[in-house]
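These are the residues of each chain, in order.
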2 protein chains.
Amino acid sequence: MVKRNGTRAKITDVAKLAGVSMATVSCILKDPDNNRFSDETNKKVLSAVKELNFRPATFAQQMKGKTLPVIGLVIPSLMNHFYPEVTSGFTDQANKLGYNVIFANTDNSIEREQSFIDTMISLGVAGVGLCGVDLPDEREKELVKRLINLGIPVVRLDRYLEEPDCPCVGLDNFRAGYFMTEKIIQLGHRNIGCLAPYEIVQIVSERCRGYMEAMKAHGLLPKLCKFHRNEFGSIYKALEEVWTGEDRVSALFAIGGDIDAIECIKCASRLNIQVPFDLSIAGFDDIYISEIINPSLTTIKQPKFEIGATAMRILKSLIDGDDVEEEMILLPFEYIARESVNAIG
Amino acid sequence: MVKRNGTRAKITDVAKLAGVSMATVSCILKDPDNNRFSDETNKKVLSAVKELNFRPATFAQQMKGKTLPVIGLVIPSLMNHFYPEVTSGFTDQANKLGYNVIFANTDNSIEREQSFIDTMISLGVAGVGLCGVDLPDEREKELVKRLINLGIPVVRLDRYLEEPDCPCVGLDNFRAGYFMTEKIIQLGHRNIGCLAPYEIVQIVSERCRGYMEAMKAHGLLPKLCKFHRNEFGSIYKALEEVWTGEDRVSALFAIGGDIDAIECIKCASRLNIQVPFDLSIAGFDDIYISEIINPSLTTIKQPKFEIGATAMRILKSLIDGDDVEEEMILLPFEYIARESVNAIG
DNA sequence: TATACTTAGTAAAACGTTTTAATAATTTAA
DNA sequence: TTAAATTATTAAAACGTTTTACTAAGTATA
């Protein structure tokens, strides 16, 4: 008979049904293969547990010092195509390690981040994965410090931050930017523009630095082609500008991500520019759609799933008190050659 | 002085610092604007709370019967573009209502769903949002029943299920399928194919039914154009087939979603079919990318964010014990006319 | 036979909060 | 002046588990 009265069975219910003390139930549940109790007692208890569908209340276990099998994950958004995959990698790994994930979407607001962290502390989460506001605001550092001071392990995703002693998993965005630029140069391009949003964030500015350095290293003149995110027609104008002048670019590197690149391809088509025959366009991230669209996108593949999974693994090490030797874990990127970038010359 | 010893302040610490009993602290924290205590006591306590950064441990509150301010959300995947947005709507609304969200990704496995639900029961979540396995398996029904029997409110997202008394938020997929088909007919098309995956799920088969009925209502012959998901080249072959015969389709309705439609456009380009001049292609969902690609996609817009937000609002009503009059909440869809579908004839 | 050791199981305290019922101090009413 | 009412505060029980230290009974050892 399953209980149907709307209340969960307690350990005392199990004890009563099995005819033993609750201490016995607790011990047997802790280690069902123990040899402290007779086989008969073990069997009685286990079958009572099953019959009542008993699972110990987590909050009572927490009271006795057990940590909550829950990890907090702070992400700036699920709309940006990058994060769902990171989140997926993180939660999958967490589940494999026996944790659940409390998911918090900050919309890049430090206040919301603040309040989520507070809630997580109250709940007593076992650890926190933090992909916080992008600019290393003082308050961000304070938050991380607070968690660490409370003994709550923290790992950061895709965001570097030296000061508080807290590992970080991400990509070497500088090298990735450098790599892609060099690839385009090797394909014969000389006049290569860098399509970048004005609202540039730390990791994207790293890519930009990579682009600049690569251009310089090959004796080429960098050309920044800036636009405003969320401003309709801004990419169109930016593209028109670098296309109208006498020293037209032959390639554009959209360091802001594949979405920017795809939008740029669309603008190109409006301007009767054929990609890649008239103009090559490269992206960054390798989102799912990049392979499907026409022309398919040449891009840098970020190991999004792996970033999440690795971060969770590092967090687990921190929770277990194991040494985490590296402060910064940089995962490898991959150059994906597709149709949107052509060789010239 | 902030505590730096790695332990959280307890209510007794606050009481000691403020020179009052812990009962006093608890009462003042419960209602800071009370008039049970002197202004002086109120001030002392509040400043001690601030100084020690005290927040009551949730687990101890749970012990006293307070429900955990956490909602469980079960989603089959974050990779499918549909769910991140639904999740976003759900969590945003949850946060506004004072809840956090435990996020669980089942990968369409009923076993994982089962185990997540168990964990959520142990944790004592205040409610569950369930977008479970698609086929109404008996075990799925059992799961929902179990939650309900324990007094844990459940709302279902994008999945109909009559039997257990549990509200559901979604779209009228039949009407949406009918509507799009009729639109295409009104644009002069007569030979309209329905591009559908073999692995058809409940909600998609509803759209298919809508397509069939609309065709029948206009005296037209439905033509199913099936392909295998995750099988490379399957859409290509399906398209080739309906294009080679003497009674070529002039339009295709990809009921499986925009991704299928976009992939189909790519295949069309390989076959030298110009979309929309030779062939019109319509999608379903209206994912972010659909507006950006070339040609942009004519599609049915699902209120993804709203589905999540509405589900959470319904769940809140259930938690509060308010009456939820409707069993099935169907949100409006929207026909989005873009470039991939042309008028003919 | 007395002693030590095992074995099988349990009583009770502890965890950090909330809340009820009580106390002590003060004011008001009679 | 005393009783009653009000105000300000607190003691202690309760929530559901885990765990430590204990008991009682049986078994081996000297």
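**Student:** Would you mind showing me how to read the protein's contact with DNA strand D here?
**Tutor:** Inspection of the region around DNA strand D gives 25 residues, with Lys10, Ile11 and Ser26 of chain A together with Thr24 and Lys64 of chain B positioned closest. For DNA strand D, the backbone makes up 51% of the atoms found within 4 Å of the protein, where backbone means sugar plus phosphate. Arg36 of chain B places a side-chain nitrogen or oxygen 3.0 Å from a base oxygen of DNA strand D. Of all the secondary structure elements, the ones that give two or more residues to the surface near DNA strand D are α2 (22–30) and α4 (58–63) of chain A together with α2 (22–30) of chain B. It is α2 of chain A that provides the largest number of residues to the surface near DNA strand D, a total of 5 residues. Among the residues making up the surface near DNA strand D, the classes are represented as 13 nonpolar, 7 polar and 5 charged.

**Student:** It is not clear to me how the packing of helix α1 (residues 11–18) of chain B against α2 of chain B should be interpreted in this structure. Could you clarify?
**Tutor:** How two helices sit against one another is set out by the angle between their axes and by the gap between those axes. Residues and elements named next belong to chain B. The contact between α1 and α2 brings their axes to 8 Å, and the two run at 105°. Taken as axis vectors, α1 and α2 run roughly perpendicular relative to one another. Here α1 contributes Ile11, Thr12, Val14 and Ala15 to the contact with α2, which in turn contributes Met22, Val25 and Ser26.

**Student:** I'm lost on the sheet that holds strand β7 (residues 223–227) of chain B in this one. Help?
**Tutor:** Within a sheet, adjacent strands bond to each other through the backbone by hydrogen bonds, running parallel or antiparallel. Residue and element names in this part refer to chain B. With parallel pairing, 4 strands are arranged side by side in an open sheet as β7-β6-β8-β9. Strand pairing shows two members of the sheet lacking a second neighbour, β7 and β9 (280–282), which therefore form its edges. Across the sheet, the mean angle separating the axes of adjacent strands is 25° when strand polarity is ignored. Of the pairings in the sheet, the one linking strand β6 (residues 192–197) to β7 comprises 5 bridges and is parallel in character. When the sheet's bridge partners are listed, Pro197 is paired in β7 with Phe227. Against the sheet, helix α11 (residues 258–270) engages β6, β7, β8 (251–254) and β9, with an angle of about 160° to β9.

**Student:** What should I look at first to understand the nonpolar core in this one?
**Tutor:** Soluble globular proteins tend to pack their nonpolar side chains together in the buried interior. By size, the foremost hydrophobic cluster in this structure holds 55 residues, and its most contacted members are Leu239 of chain A together with Leu239 of chain B. Other than its neighbours up to four places away in sequence, Leu239 of chain A contacts Leu252, Cys264, Cys267, Ala268, Leu271, Ile273 and Leu279 of chain A. Counting 48 residues, the second largest nonpolar core, distinct from the first, contains Met312 of chain A together with Val169, Ala311 and Ile329 of chain B.

**Student:** How should I be thinking about the packing of aromatic side chains in this particular structure?
**Tutor:** Centre-to-centre distance and the angle between the planes together describe a pair of aromatic rings. All names here are of chain A. In total, this model carries 11 aromatic pairs over all chains according to the counting rule given. With 6.2 Å between their ring centres and 55° between their planes, Phe179 and Tyr335 make a pair best called tilted. Residue Phe179 is located in helix α8 (residues 173–186), and its partner Tyr335 is located in strand β12 (residues 334–336); the two are separated by 156 residues in the primary sequence. For Phe179, a relative accessible area of 33% puts it in the partly exposed group. Members of the aromatic cluster, joined through ring pairs, are Phe179, Phe333 and Tyr335. Sitting over the ring of Phe284, Arg207 keeps its end group 3.8 Å from the ring centre.

**Student:** What should I look at first to understand the relation of the copies chain A and chain B in this one?
**Tutor:** Note that the two copies of the chain are related through a rotation about an axis and a translation along the same axis. Once turned by 180° and shifted 0.0 Å along the axis, chain A lies on chain B with an RMSD of 0.1 Å. In the structure described here, the two chain copies are related by an operation that fits a two-fold rotation axis. When the interface residues of chain A are mapped onto chain B, 100% of them again lie at the interface, so the same face is used by both copies.

**Student:** Explain the packing of α2 of chain A against helix α3 (residues 39–52) of chain A to me, please; I cannot follow it from the model alone.
**Tutor:** All names here are of chain A. Packing of α2 against α3 leaves a shortest axis separation of 10 Å and a crossing angle of 90°. Considering the angle they form, α2 stands roughly perpendicular to α3. Of the residues in α3, those in contact with Thr24, Val25, Ile28 and Leu29 of α2 are Thr41, Asn42, Val45, Leu46 and Val49. When the residues that make up the contact of α2 with α3 are grouped by side-chain class, the tally is 6 nonpolar, 3 polar and no charged.

**Student:** Just checking my understanding: could you explain the protein's contact with DNA strand C for this structure?
**Tutor:** Around DNA strand C lies a shell of 25 residues, among which Thr24 and Thr41 of chain A together with Lys10, Ile11 and Ser26 of chain B are the nearest. Counting only the atoms of DNA strand C within 4 Å of the protein, the fraction contributed by sugar and phosphate is 54%. At 3.4 Å from a phosphate oxygen of DNA strand C is found a main-chain nitrogen or oxygen belonging to Ala57 of chain B. Within the contact set of DNA strand C, a phosphate oxygen lies 2.9 Å away from a side-chain nitrogen or oxygen of Gln61 of chain B. Elements represented by at least two residues in the surface near DNA strand C include exactly α2 of chain A together with α2 and α4 (58–63) of chain B. Of the residues forming the surface near DNA strand C, the biggest block, 5 residues, is contributed by α2 of chain B. For the surface near DNA strand C, the per-class residue count stands at 13 nonpolar, 7 polar and 5 charged.

**Student:** What is the right way to look at a negative patch on the surface in this model?
**Tutor:** All names here are of chain A. A contiguous patch of negative charge on the surface is contributed by Asp322, Asp323, Glu325 and Glu326. Within the secondary structure, Asp322 is located in the loop between α12 (304–319) and β11 (328–331). Taking the relative accessible area as the measure of exposure, Asp322 reaches 42% and is therefore partly exposed.

**Student:** I keep staring at the domain arrangement of chain A and nothing clicks. Help me out?
**Tutor:** Interfaces are often sized by the amount of accessible area the parts lose when they come together. Residue and element names in this part refer to chain A. In terms of domains, chain A is made up of domain 1 (11–56), domain 2 (70–171 + 304–332) and domain 3 (173–302). The C-alpha-based centres of domain 2 and domain 3 are spaced at 30 Å. Tallying the contact residues gives 9 residues for domain 2 and 12 residues for domain 3. Taking both partners together, domain 2 and domain 3 bury about 1100 Å²; carbon and sulfur atoms supply 52% of that area. If you look at where domain 2 meets domain 3, you find 0 salt bridges. Here domain 2 is connected to domain 3 by 6 residue pairs in polar contact (both at pLDDT 80 or more).

Rules behind the numbers
- Residues numbered from 1 in each chain as written.
- Chains lettered and ligands numbered in written order.
- Predicted model: local features only at pLDDT ≥ 70, side-chain atom pairs only at ≥ 80, totals over all residues.
- Heavy atoms only, no water.
- Near = heavy atom within 4 Å.
- Polar contact = N/O pair within 3.5 Å; in protein donor to acceptor, adjacent residues only side chain to side chain.
- Helix = DSSP H or I, 4+ residues; strand = E, 2+ residues; numbered from the N terminus.
- Nonpolar A, V, L, I, M, F, W, Y, C, P; charged D, E, K, R; others polar.
- Axes fitted to C-alpha atoms, helices over the stretch in contact; angles between N-to-C directions.
- Parallel < 35°, antiparallel > 145°, perpendicular 65-115°, else oblique.
- Contact = heavy atoms within 4.5 Å.
- Pairing = 2+ DSSP bridges.
- Core = buried A, V, L, I, M, F, W, Y, C linked by side-chain atoms within 4.5 Å.
- Buried < 20%, exposed > 50% of the residue type's maximum accessible area, 1.4 Å probe, protein only.
- Phe/Tyr/Trp six-rings, centres within 6.5 Å; stacked < 30°, edge-to-face > 60°.
- Lys NZ or Arg CZ within 6 Å of the ring centre and 35° of its normal.
- Least-squares fit on C-alpha atoms with pLDDT ≥ 70 in both.
- Patch = residues over 30% accessible without salt bridge, like charges linked within 9 Å, V, L, I, M, F, W, Y side chains within 5 Å.
- Areas by Shrake-Rupley, 256 points an atom, 1.4 Å probe, with all protein chains shown as cover.
- Salt bridge = Lys/Arg side-chain N within 4 Å of Asp/Glu carboxyl O.
- Lys, Arg positive; Asp, Glu negative; His and termini not counted.
- Charge placed at Lys NZ, Arg CZ, Asp CG, Glu CD.
- Domains from an automatic or database assignment.
- Buried area = accessible area lost by both parts, 1.4 Å probe.

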